[in-house]
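A structural walkthrough
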Amino acid sequence: MPAADLDLLIEAALESGRIATRFSGADAKRWDKPDDAGPVTEADLAVNEMLEDRLPSARPDYGWLSEETEDNSSRLSKDRVFIVDPIDGTRSFAEGAKTWAHSLAIADHGIVTAAVIYLPLRDLLYTAEAGKGAQLNGVPICISEPGTLSAANLLAAKPNLAAQHWLSGQPPQFGHAYRPSLAYRMALVAQGRFDGMLTLRASWEWDIAAGDLIIREAGGLCTDRAGLDLRFNNAYPKLNGVVAGGELVHEEVSVALNPESPGIPG
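What comes next concerns the included structure. The model shown is predicted, which means the values in this text are computed figures rather than measured ones.

Analysis parameters
- Residues numbered from 1 in each chain as written.
- Predicted model: local features only at pLDDT ≥ 70, side-chain atom pairs only at ≥ 80, totals over all residues.
- Heavy atoms only, no water.
- Axes fitted to C-alpha atoms, helices over the stretch in contact; angles between N-to-C directions.
- Helix = DSSP H or I, 4+ residues; strand = E, 2+ residues; numbered from the N terminus.
- Parallel < 35°, antiparallel > 145°, perpendicular 65-115°, else oblique.
- Contact = heavy atoms within 4.5 Å.
- Expected span 1.5 Å × (residues − 1).
- Buried < 20%, exposed > 50% of the residue type's maximum accessible area, 1.4 Å probe, protein only.
- Pairing = 2+ DSSP bridges.

This part takes up the packing of helix 4 (residues 182–191) against helix 5 (residues 205–217). Across the interface, helix 4 lies against helix 5 with an axial gap of 8 Å and an inter-helix angle of 5 degrees. As summarised for this structure, helix 4 and helix 5 are arranged roughly parallel, according to the angle between their axes. Each of L182, A183, M186, V189 and A190 in helix 4 lies in contact with helix 5, whose residues at this interface are D207, I208, G211, D212, I214 and I215.

Set out below in structure tokens:
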């Protein structure tokens, strides 16, 4: 991995924030994507246009995967690939909230090696580089380690707590909360603000690639719902959910999950 990859992502994330904040949230033009793929705004497209111009120009031998760019198979022949979500939490952005993020990552042979999650309206810049730890606004961060799962607070939407997803017919005891941006949820776990996170919904690579590295470099475990390491730049860029946290949280949540559950549709 070129030493300047993380610097390139940071500069691109900061410029993404400058572009996105020129739009006025709820007043930004918004429409729904085909096939119930969710909302998109003019800000998503403006940020994506800048990123798709700047990043591949700086690394012409890297592939490209973005939520707002029509995918094609050319990235599959590349050793390294940009994986970006121009705005993660578009609904929050359109509502005028502050919990949306820019999520940028580089994967090398399927493993994320540089990552940035940036929330411009909260002045939160999460960064990580393989083997060099994770930081928030330049200060090292690490995950929390509660003594028991019952003392832990996890980020998990209510559908994840339904009986069919758990071997015992109910989730183990833990506190739970929710944030609308999946990238932000993962960053909060890396920061130690929450003890873990769980999504049993199949997850797009661009939502979780940056968070995967940031959690791992903060000392946590981050796998799919079956306990397998996350690998990126797949032909179909969706992964089998995410379970993340410290060793105790990750293990106890993982063993309590029902492997026969089909997960959450969507």
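Further remarks concern helix 1 (residues 5–20). When the terminal C-alpha atoms of helix 1 are compared, their 22 Å separation across 16 residues agrees well with the 22 Å that a helix rising 1.5 Å per residue should span. Buried residues dominate helix 1, accounting for 12 of its 16 residues. Within the sequence span of helix 1, burial applies to D5, L6, L8, L9, I10, A12, A13, E15, S16, G17, I19 and A20. Residues of helix 1 that are buried make contact with helix 2 (42–58), strand 4 (80–88), helix 3 (90–95), strand 5 (101–108), strand 6 (111–119) and strand 7 (124–129).

Glancing now at the sheet that holds strand 3 (residues 63–66). In space, the seven strands of this open sheet follow the order 3-4-5-6-7-8-9, with mixed pairing throughout. Edge positions in the open sheet fall to strand 3 and strand 9 (139–140), since each of these has one partner strand only. For strand 4 and strand 5, the ladder comprises seven bridges, and the chain directions are antiparallel. Each bridged residue has a counterpart across the sheet, and for D85 the counterpart in strand 5 is S103. Sheet contacts for helix 1: strand 4, strand 5, strand 6 and strand 7; angle to strand 6, the most-contacted strand, approximately 30 degrees. Packed onto the sheet, helix 2 meets strand 3, strand 4 and strand 5 and runs at close to 160 degrees relative to strand 4.

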